[in-house]
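# Understanding the architecture of this molecule
Residues per chain, in single letters:
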Amino acid sequence: ERAYRQYLQRGEPRAAALVALALAEDHFHRLARSVGQGWLLRAERHLEELPDGSERGWLYRLRFVIALDAEGKPEEAMEYADRALEIARQVGDTDLAALALQDRGRALVALGRVKEGMALIDEAMVAATAGELTPRTTGRAYCNMLSTCERLGDFGRAAEWQEATHTWCEPHADSG
């Protein structure tokens, strides 16, 4: 919250919006949805007058998470994933692109299009285990894949990705 205030004081609304999005996501994960919603609206306010950038893509990604996980609206979630993916590709944000691709897959699974959805999740996991993403995004991708496999009972796929992820973690032994 202090970083958010400092970015505002320095006149950096994009950076402030990114921090607000991170705070919103954190609160949503802790099931403090009202607090998360407040931070999300604040981020939207900062971004509404700015041209599209990766920050807006991350906003759409958080909207995806809310639509799919909190509201159970996979069709709406798919629209947010598509918007995030489009922006990620336009601005070259590989972390956002991988998560948005995976999110699209998760929405497809929720819509009963399991084979198509899991193919996208697998594609995103390739980026994660190939070292193309930041460690935080790699962890997010892994958790999303694992929870989807768990819901489907696809333990064979989960085991294959666990082995690939273990190989990725070896150089990061302190934090793996």
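As a starting point, this report considers the structure included with it. This one's a predicted model, so the numbers in the text were calculated from it and none came from an experiment. Along each chain, numbering runs from 1 in the same order as the chain's sequence is written. Local features in this predicted model are restricted to residues of pLDDT 70 or higher, and side-chain atom pairs are both shown and tallied only at a pLDDT of 80 or more, whereas totals for entire chains, interfaces and linings draw on every residue. Hydrogen atoms and water are omitted, and side-chain values are computed over all heavy atoms in the structure.

### Thoughts on the overall build of the protein
Counting secondary structure elements, the protein contains nine helices and zero strands. Secondary structure elements in the protein, listed N-terminal to C-terminal, are α-α-α-α-α-α-α-α-α. The globule rule used here is 2.2 Å times the number of residues to the 0.38 power, and the radius of gyration it is set against is calculated over C-alpha atoms. Computed over C-alpha atoms, the radius of gyration of the protein comes to 16 Å, within 12% of the 16 Å expected from 2.2 N^0.38 for 176 residues, which places it in the range of a compact globule. Taking the principal axes of the C-alpha coordinates as reference, the protein spans close to 50 × 40 × 30 Å. We call a residue buried when its accessible area falls under 20% of the maximum for its residue type, exposed when it is over 50%, and partly exposed in between, using a 1.4 Å probe and counting protein chains only. Expressed as a percentage of its 176 residues, the buried residues of the protein come to 47%. Considering only contacts within the protein whose residues lie at least 6 apart along the sequence, 54% involve residues at least 24 apart. Secondary structure counts use DSSP, requiring at least four H or I residues in a row for a helix and at least two E residues in a row for a strand, with both numbered from the N terminus. When checking whether two residues touch, look at their non-hydrogen atoms; a contact exists if any pair is within 4.5 Å.

### Comments concerning helix α8 (residues 135-152)
Here α8 spans 26 Å end to end across 18 residues, near enough to the 26 Å set by a 1.5 Å rise per residue. Along α8, the positions that sit buried rather than exposed are Thr137, Thr138, Arg140, Ala141, Tyr142, Asn144, Met145, Thr148 and Cys149. Taken from the residues just after α8, Gly153 is the one with a positive phi, measuring 70 degrees. The length a helix should cover is 1.5 Å for every residue beyond the first.

### Looking at unusual backbone geometry
Positive phi, normally seen in glycine, also occurs at Leu31, with a value near 65 degrees. The topology assignment puts Leu31 in the loop between α2 (13-29) and α3 (33-47). For Leu31, a relative accessible area of 60% puts it in the exposed group.

### Quick look at the nonpolar core
A general feature of soluble globular proteins is that nonpolar side chains tend to end up buried together. The biggest cluster of nonpolar side chains holds 52 residues, and the ones touching the most others in it are Leu21, Leu40, Leu62, Phe64, Met125 and Met145. Of all the secondary structure elements, the ones that give two or more residues to this core are α2, α3, α4 (54-70), α5 (74-91), α6 (94-110), α7 (114-129), α8 and α9 (155-169). Among all residues touching Phe64, those that are not within four sequence positions of it are Ala77, Met78, Tyr80, Ala81, Asp103, Arg106 and Ala107. For this analysis, a nonpolar core means a set of buried residues of the types Ala, Val, Leu, Ile, Met, Phe, Trp, Tyr and Cys, connected via side-chain atoms within 4.5 Å.

### Regarding the packing of α4 against α5
Axis angles are defined between N-to-C directions and span 0 to 180 degrees, where every axis is a line fitted to C-alpha atoms and, for a helix, only to the segment in contact. In contact at an axis separation of 8 Å, α4 and α5 are set at 160 degrees when each is read in the N-to-C sense. It follows that α4 is roughly antiparallel to α5 by the angle criterion. Like other packed secondary-structure pairs, α4 and α5 cross with a definite hand, here left-handed. Contacts between α4 and α5 involve Ser54, Arg56, Gly57, Tyr60, Arg61, Arg63, Phe64, Ala67 and Leu68 from the former and Pro74, Glu76, Ala77, Met78, Tyr80, Ala81, Arg83, Ala84, Ile87 and Val91 from the latter. When an angle is under 35 degrees it counts as roughly parallel; over 145 it counts as roughly antiparallel; between 65 and 115 it counts as roughly perpendicular; any other value is oblique. Two helices that cross are described as forming a left-handed crossing if the nearer one is turned anticlockwise from the farther one by less than a right angle, and a right-handed crossing if clockwise.

### Overview of the packing of α7 against α8
Where α7 contacts α8, the axes come no closer than 10 Å and their chain directions differ by 150 degrees. One way to sum up the angle between α7 and α8 is to call them roughly antiparallel. Both α7 and α8 take part in a crossing whose hand is left-handed. For the pair α7 and α8, the contacting residues are Val114, Met118, Ile121, Met125 and Ala128 in the first and Thr138, Ala141, Tyr142, Met145, Thr148, Cys149 and Leu152 in the second.

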